[in-house]
Amino acid sequence: LQHYKKIFFLLIIGLIVYRSPDLFLYPRFWAEEATLYFKSIYENDWLSALLFIPSYTAEYMALAVNIPLTLAAHVFPLEYAAFVSTYFSVLISLIPFTIVLWGNSYLRDSPLKKFLACFIILLAPTSTDAEIWLNTINLQVHCGIIAVCILFENLDALSSLKRWYYRILLLFCGLSGPYTMFLALPFLLKAWHEKSKESFWHFSLIFVTSSIQATLFLYINYLGLVSPTK
């Protein structure tokens, strides 16, 4: 079965590349990914870049944008900046498939269900709509999918490595946009039902990151820097 998982995962990568081969050969920035985020990150130091929150647009922290664009602006030559952004987006968008295929889920408890779940993610608008395809500013959607995949994981037999992997992912996803915030209640219900240390860890991470995001929004709103259209 492990060989089939690897073959299926390679097939998924092949389909993703086949869908937009030009993006892998000629990467691009998309919309405010360049005009707002990269410009500001390029003009600031490392710490300011990693913590950058734009005014009058997305008034929340977005590590999924700030981390790759900080690397693109301050580590790699400028001509490779779009490569860093695009390939980082590919990497994050592949994570849900790894959780589905190699995880131990309550819902995905058979090879057929795992394969069907992969196809649902692969064919969903989040993965096919050009507006949110392979750019960092829309990775928050994929972060929400990652959090949902982790939500339905059976945490009883996790290895130490996988426990920390899921914790880091939830921390990253929670600080990458608002989608993960909406899962706070389901994670609380899971922790209440399972009464396990790990499920409590997961809820705590979602709660803390959601609190940070909500506090940032309220503070920015207090400063009068929130767009009226938001």
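Residues numbered from 1 in each chain as written. Predicted model: local features only at pLDDT ≥ 70, side-chain atom pairs only at ≥ 80, totals over all residues. Heavy atoms only, no water.

Participant: What is the right way to read the overall build of the chain from this model?
Facilitator: Scanning the chain from N- to C-terminus turns up twelve helices and zero strands. Each helix and strand of the chain, placed in order from N terminus to C terminus, yields the pattern α-α-α-α-α-α-α-α-α-α-α-α. For the chain, the C-alpha radius of gyration of 18 Å lies close to 17 Å, the compact-globule estimate for 230 residues. Once the C-alpha set of the chain is aligned to its principal axes, its extents read approximately 50 × 40 × 30 Å. Counting contacts in the chain only where the partners sit at least 6 residues apart, residues at least 24 apart contribute 74% of the total. Of the roughly 12,200 Å² that the chain leaves accessible, carbon and sulfur atoms contribute 71%. The averaged location of the 14 negative side-chain charges in the chain is 12 Å from the averaged location of its 15 positive side-chain charges. (Helix = DSSP H or I, 4+ residues; strand = E, 2+ residues; numbered from the N terminus. Rg over C-alpha atoms; globule rule 2.2 N^0.38 Å. Contact = heavy atoms within 4.5 Å. Areas by Shrake-Rupley, 256 points an atom, 1.4 Å probe, with all protein chains shown as cover. Lys, Arg positive; Asp, Glu negative; His and termini not counted. Charge placed at Lys NZ, Arg CZ, Asp CG, Glu CD.)

Participant: Help me understand the packing of helix H6 (residues 81-102) against helix H7 (residues 111-123) in this model?
Facilitator: Two quantities define a packed helix pair, namely the angle between the helix axes and the distance between the axes. Packing of H6 against H7 brings their axes to within 9 Å, and their N-to-C directions diverge by 170 degrees. The orientation of H6 with respect to H7, classified from their angle, is roughly antiparallel. Relative to H7, H6 is oriented so that their crossing is right-handed. Residues Pro96, Phe97, Val100 and Leu101 of H6 touch H7, and the partners they reach there are Lys114, Phe115, Ala117, Cys118, Ile121 and Leu122. Across the contact of H6 with H7, the residue classes tally to nine nonpolar, no polar and one charged. (Axes fitted to C-alpha atoms, helices over the stretch in contact; angles between N-to-C directions. Parallel < 35°, antiparallel > 145°, perpendicular 65-115°, else oblique. Left-handed = near helix turned anticlockwise from the far one by under 90°. Nonpolar A, V, L, I, M, F, W, Y, C, P; charged D, E, K, R; others polar.)

Participant: Help me understand the environment of Asn135, please; the structure alone is not making it clear to me.
Facilitator: Tracing the chain through its elements places Asn135 in the loop between helix H8 (125-128) and helix H9 (139-151). On the accessibility criterion, Asn135 (1% relative accessible area) is buried. In this structure, the C-alpha to C-alpha distance between Asn135 and Trp30, residues 105 residues apart in sequence, is 6.5 Å. Ignoring sequence-local partners within four residues, the contact set of Asn135 consists of Arg28, Trp30, Glu33 and Ser89. (Buried < 20%, exposed > 50% of the residue type's maximum accessible area, 1.4 Å probe, protein only.)

Participant: What am I meant to see in the nonpolar core here?
Facilitator: Nonpolar side chains tend toward joint burial in soluble globular proteins. Within the largest apolar cluster, 50 residues are counted, with the highest numbers of intra-cluster contacts made by Ile12, Ile16, Phe97, Ile99, Ile146 and Phe172. Counting residues per element, this core draws most heavily on H6, at nine residues. Among all residues touching Phe172, those that are not within four sequence positions of it are Leu63, Ala64, Ile67, Phe88, Ile92 and Cys143. One finds Tyr37, Phe38, Ala58 and Val84 within the second-largest nonpolar core, a separate group that totals 14 residues. (Core = buried A, V, L, I, M, F, W, Y, C linked by side-chain atoms within 4.5 Å.)

Participant: Teacher, can you tell me more about the packing of aromatic side chains here?
Facilitator: Here the distance between the centres and the angle between the planes together describe a pair of aromatic rings. The full count for this structure, using the stated rule, is twelve aromatic pairs. Measuring from ring centre to ring centre gives 6.3 Å for Phe83 and Tyr87, while their planes differ by 5 degrees; the resulting arrangement is stacked. Placement of both Phe83 and Tyr87 in helix H6 is noted, with a separation of four residues, approximately one turn of the helix. For Phe83, a relative accessible area of 32% puts it in the partly exposed group. Tyr87 sits in the partly exposed class, given a relative accessible area of 37%. Taken together, the ring pairs in this structure connect Phe24, Tyr80, Phe83 and Tyr87 into an aromatic cluster. (Phe/Tyr/Trp six-rings, centres within 6.5 Å; stacked < 30°, edge-to-face > 60°.)

Participant: For this particular structure, what's the right way to read the pattern of salt bridges?
Facilitator: Two side chains carrying opposite charge are able to pair once their charged atoms lie near each other. Enumeration according to the criterion identifies four salt bridges in this entry. Residues Lys39 and Glu43 are paired through a salt bridge, measuring 3.3 Å at the closest nitrogen-oxygen approach. For Glu43, a relative accessible area of 53% translates into the label exposed. A salt bridge links Lys113 to Asp109, with the shortest nitrogen-to-oxygen separation between them at 3.0 Å. (Salt bridge = Lys/Arg side-chain N within 4 Å of Asp/Glu carboxyl O.)

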